[in-house]
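# Understanding the architecture of this molecule
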Amino acid sequence: MEASSEQSDRDQETKNLRVVEFFSGVGGLHCAVKACGVPCTVVAAVEINTVANAVYQHNFPEVDLMQRNLEGFTVDDFASFDADMFVMSPPCQPFTRVGLKGDKNDARTNAFFNIMRNLAEMAKKPTYLLVENVKGFDTSETRNFLVETLQKCNYVFQEFLLSPMNIGIPNQRVRYFMLAKQRPLQFKEEHGTQLVQHRVNMPLMPNEIKETSRLVCDNSMVSSQEQTNMELTESRERTGQDESSMVSLNEQSIERKTDEQHLNEKERTDNVKSGSCEDMVSSSEQNEQETGEDDERRKIGDYLQADLSEESMAEYLIPDRILLKYVNVMDIVTVEDTKTCCFTKAYAYYVEGTGSVLRTDLSADMSSAFSSGSCSDDERLERLKALRLRYFSPREVANLHHFPQDFGFPDCSTKKQKYRLLGNSLNVTLLAQLISYMVA
Ligand SMILES: C[S@@+](CC[C@H](N)C(=O)[O-])C[C@H]1O[C@@H](n2cnc3c(N)ncnc32)[C@H](O)[C@@H]1O
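The rules we used
- Residues numbered from 1 in each chain as written.
- Predicted model: local features only at pLDDT ≥ 70, side-chain atom pairs only at ≥ 80, totals over all residues.
- Heavy atoms only, no water.
- Phe/Tyr/Trp six-rings, centres within 6.5 Å; stacked < 30°, edge-to-face > 60°.
- Helix = DSSP H or I, 4+ residues; strand = E, 2+ residues; numbered from the N terminus.
- Buried < 20%, exposed > 50% of the residue type's maximum accessible area, 1.4 Å probe, protein only.
- 1 Å grid on protein atoms, 1.4 Å probe; cavity = no way out; pocket = protein on both sides within 12 Å on 5 of 7 lines; lining within 4 Å.
- Points joined across faces, edges and corners; volume = space filled by probe spheres on them.
- Contact = heavy atoms within 4.5 Å.
- UniProt positions renumbered as here; feature names shortened; annotations may be inferred.
- Pairing = 2+ DSSP bridges.
- Axes fitted to C-alpha atoms, helices over the stretch in contact; angles between N-to-C directions.
- Salt bridge = Lys/Arg side-chain N within 4 Å of Asp/Glu carboxyl O.
- Near = heavy atom within 4 Å.
- Polar contact = N/O pair within 3.5 Å; in protein donor to acceptor, adjacent residues only side chain to side chain.
- Areas by Shrake-Rupley, 256 points an atom, 1.4 Å probe, with all protein chains shown as cover.
- Arc of directions from axis to C-beta.
- Core = buried A, V, L, I, M, F, W, Y, C linked by side-chain atoms within 4.5 Å.
- Domains from an automatic or database assignment.

### Focus on the packing of aromatic side chains
- Enumeration over the complete set of coordinates arrives at 21 aromatic pairs.
- Between the aromatic rings of F95 and F137, the centroid separation amounts to 4.8 Å while the plane-to-plane angle is 75°, which identifies the pairing as edge-to-face. Separated by 42 residues along the polypeptide, F95 in helix α5 (residues 93-96) and F137 in the loop between β5 (128-134) and α7 (141-152) bring together distant segments of the chain. Across the pair, exposure class does not vary: F95 and F137 are buried alike.

### Looking at empty space enclosed by the protein
- A full pass over the atoms with the stated rule returns five cavities of 30 Å³ or more.
- Its volume calculated, the second largest cavity comes out at about 40 Å³.
- Surrounding the second largest cavity, M330, Y347, A348, Y350, V351, T354, G355, V357 and Y391 form its lining.

### What about helix α19 (residues 415-423)?
- For α19, the set of buried residues is Y419, L421, L422 and G423.
- Turning to α19, the residues buried within the fold contact α3 (50-59), α14 (310-316), β11 (389-391) and α18 (394-400).

### Overview of the UniProt feature "active site" (unreviewed entry) in the protein chain
- In the numbering adopted here, UniProt assigns the feature "active site" (unreviewed entry) to C92.
- Of the residues examined, C92 reaches a relative accessible area of 7% and is grouped as buried.

### A short note on the sheet that holds strand β2 (residues 40-46)
- The sheet built from eight strands is open, its strands ordered β3-β2-β1-β4-β5-β7-β6-β8 with mixed pairing. The open sheet has two edge strands with one neighbour each: β3 (64-66) and β8 (199-200).
- Here strand β6 (residues 155-162) pairs with strand β7 (residues 175-182) via eight bridges, running antiparallel. Of the residues in β7, the one forming a bridge with L162 is R175.
- Lying over the sheet, helix α2 (residues 28-35) contacts β1 (17-22), β2, β4 (85-88) and β5, oriented at roughly 160° with respect to β1.

### Some points on the pattern of salt bridges
- Evaluated as defined, the whole model comprises 15 salt bridges.
- With a shortest N-O distance of 3.5 Å, D302 and R298 are connected by a salt bridge.
- For R298, a relative accessible area of 39% corresponds to the partly exposed category.
- The salt bridge involving R388 is made with E310; its shortest N-O contact spans 3.7 Å.

### Some words on the site of the ligand
- Near the ligand lie 21 residues; those nearest to it are V26, G28, E47, N69 and S425.
- With respect to the ligand, the backbone of I48 contributes an N or O atom lying 3.3 Å from a nitrogen atom.
- Here N69 contributes a side-chain N or O atom positioned 2.7 Å from a nitrogen atom of the ligand.
- A total of 600 Å² of accessible area belongs to the ligand in isolation, and the protein chains cover 97% of it.

### Remarks on the sheet that holds strand β9 (residues 332-333)
- Taken in spatial order, the three strands line up as β9-β10-β11 in an open sheet, and their pairing is mixed. Each edge of the open sheet carries a strand with a single partner, namely β9 and β11.
- Where β9 lies against strand β10 (residues 357-359), two bridges are found, and the strand directions are parallel. Following the sheet pairing, I332 is matched in β10 by V357.

### Re helix α17 (residues 377-386)
- For α17, every residue scored as buried is listed here: R380, L381 and L384. Projection of α17 onto a plane perpendicular to its axis shows the buried side chains occupying an angular sector of 100°, all on one side.
- Where the residues of α17 are buried, they touch α15 (320-326) and α16 (366-370).
- Immediately downstream of α17, the backbone of R388 shows phi near 45°, a positive value.

### Concerning the pairing of β7
- With respect to burial, β7 is a largely interior element, eight of its eight residues being buried.
- Going residue by residue along β7, you find R175, F177, L179 and K181 tucked away on one face and Y176, M178, A180 and Q182 tucked away on the opposite face as well.
- Relative to β7, β5 is paired through seven bridges, and the arrangement is antiparallel. When the bridges of β7 are listed, E132 appears paired with F177.

### A few points about the nonpolar core
- If you look at the biggest cluster of nonpolar residues, it comprises 82 residues, and the most contacted ones within it are M85, M330, Y347, F392 and L434.
- At nine residues, helix α20 (residues 428-439) tops the list of elements feeding residues into this core.
- Residue-level mapping places this core at the junction of two domains, with at least three residues from each of domain 1 (3-213 + 426-439) and domain 3 (283-423).
- When sequence neighbours within four positions are dropped, the list of residues in contact with F392 reads I300, L304, V333, T340, F343, Y347, S356, V357, L358, V397, L400 and Y419.
- V46, F95, I115 and L119 belong to the second largest nonpolar core, which has 37 residues in total.

This is how it looks when you write it as structure tokens:
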């Protein structure tokens, strides 16, 4: 290592790093910064969504939280933070929309492009930069722009596709991560051995090559049916449908025409502010990246709320109507299992592909509940009810995301808001490990 690099490393070691969190949501990255074991403090956060901000403020009142649109930030705004580290989870819808994938042409990328353009203009740039997004970002034009900006700005960087499952946490949530640090600093791979195996090394791809290679390497592609489902979910949310309308997305497609009418241009623009993440996850994504031995992974039982009373438990039981109609598309897990599916923001409000459900009675006969033999609906319902299937509570989803126990929601937050916000968030321990590796 060169002498100047060693000097830079020493300077960083002695410093309490000033971190700024963009697109802060409920502060998953804030929790990760706190948990990473490196002396750093989140000094400011920027987020446009008022509901998310109420939760952020409830948990982190000491932070200068700005309710602003990042599209309007100038180079002076960014410089005024005097930050050592920028961390961010930009909106992911432009990259989950396979087929319609708007990528850089989707207005929801404007704020991220604004950050990148201003980064290039900043006289004193943050030493570290972390970007989190969905799988799909890795093959986007927006990622190319990020890479070009980092190269131009003299950063060394590494990219990853990682799920909490890869570090022994029983939750599937494959995400893209970019870690970058200013030269002459370098990554020290010996500090991130578990993470480094999940590095991805992608060239900058011109458009025409990218389209072909995506066919070969991007297994996050979803079918046109799944695409339709995602659009329908967004449309339903905007038209205000709630729990009572909860159905399987596949069976909604007959209503597509009506829903499409709601997908007008204004709503697309409004959605920039909604910051919603993907609503359902394709089964290929739910099943991939399961490296790591099962016996190294913790069990779901470790993440349940011990203080959930019988009464609250009843609140999370799956309603009879849903049970009877949609049980076949549910991912049913037990306390002994070591994997849950990715919890999305539509969890508990849509059935398919939005997260696992918990079977709480292990003595009941699972096979008879699912046998295809002829029995009346009432009989089948009784057998299914005996399994006592329930949703994970918001606190349990937060546990699976490794949010600290003192993380909470203001009293005014509804259950639906909690699921939505957590579905947009991230795994704290995974991010803490990545930050720690980046700064090492
Ligand atoms: C993927 S979520 C980030 C979640 C966050 N990491 C957490 O732990 O909750 C993206 C966030 O970006 C916010 N957002 C979207 N566009 C924005 C903009 N132009 N300016 C500021 N915030 C924006 C959304 O409201 C949403 O909360």
